[in-house]
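# What the coordinates show
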Amino acid sequence: QVQLLESGGGLAQPGGSLRLSCAASGSRFRFYAMGWYRQAPGKQRELVASIASDASTNYADSVKGRFTMSRDNTKNTVYLQMNSLKPEDTAVYYCNAKFGMNDSWGQGTQVTISS
């Protein structure tokens, strides 16, 4: 099982920025497909962004142009740079790792966008 530890959440104002980090265990990190998901109160968990082992990325329409996901294989870490934040971005953000039969989740980090 891959261990994932998210950090970087918190409170930001509308229009502001936050950067989330997710550190993963394991020696095969570079092969992991990684994703950021979020879940707002009363809503289903949704995919925000994903990055493949070749560093290709995909984004939900709601965050395209505002969020950027990246990975640093030397640090076993993925990042989610979130700019132009909106109140509707408020949610718990979860990191996910997929490798073979392995599908692991972090504990989540709260992001709150409010003035």
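The rules behind the values
Numbering of residues starts from 1 in every chain and runs along the sequence as written. At least 70 in pLDDT is required for a residue's local features to be given in this predicted model, at least 80 for side-chain atom pairs to be given and counted, and no such filter applies to totals for whole chains, interfaces and linings, which use all residues. Computation of side-chain values: all heavy atoms of the structure, hydrogens and water removed. Strand pairing follows a simple DSSP-based rule, namely that at least 2 bridges must link the two strands. For helices the rule is a DSSP run of H or I covering at least 4 residues; for strands it is a run of E covering at least 2, with both sets numbered from the N terminus onward. Note on geometry: axes are lines fitted to C-alpha atoms, helical ones only across the stretch in contact, with angles between N-to-C directions running from 0 to 180 degrees. Between buried and exposed lies partly exposed: a residue is buried under 20% and exposed over 50% of the maximum accessible area for its type, with that area taken using a 1.4 Å probe on protein chains only.

### Things to note about the sheet that holds strand β3 (residues 18-24)
- Read across the sheet, four strands follow the order β1-β3-β8-β7 without closing on themselves; strand pairing throughout is antiparallel. Of all strands in the sheet, those with a lone pairing partner are β1 (4-7) and β7 (67-72), marking the two edges. Within this sheet the neighbouring strands show an average axis-to-axis angle of 15 degrees, counted without direction.
- In the sheet, β1 pairs with β3 via four bridges, with the strands oriented antiparallel. Residue pairing across strands places Ser7 opposite Ser21, the latter belonging to β3.

### Comments concerning unusual backbone geometry
- Phi at Asn76 takes a positive value of approximately 50 degrees, unusual for a residue other than glycine.
- Considering the arrangement of structural elements, one finds Asn76 in the loop between β7 and β8 (77-82).
- Taking the relative accessible area as the measure of exposure, Asn76 reaches 19% and is therefore buried.
- In this model, Ser84 sits at a positive phi of 50 degrees, which is unusual for a non-glycine residue.
- Looking at the secondary structure, you find Ser84 in the loop between β8 and β9 (91-99).
- The class for Ser84 is partly exposed, based on a relative accessible area of 42%.

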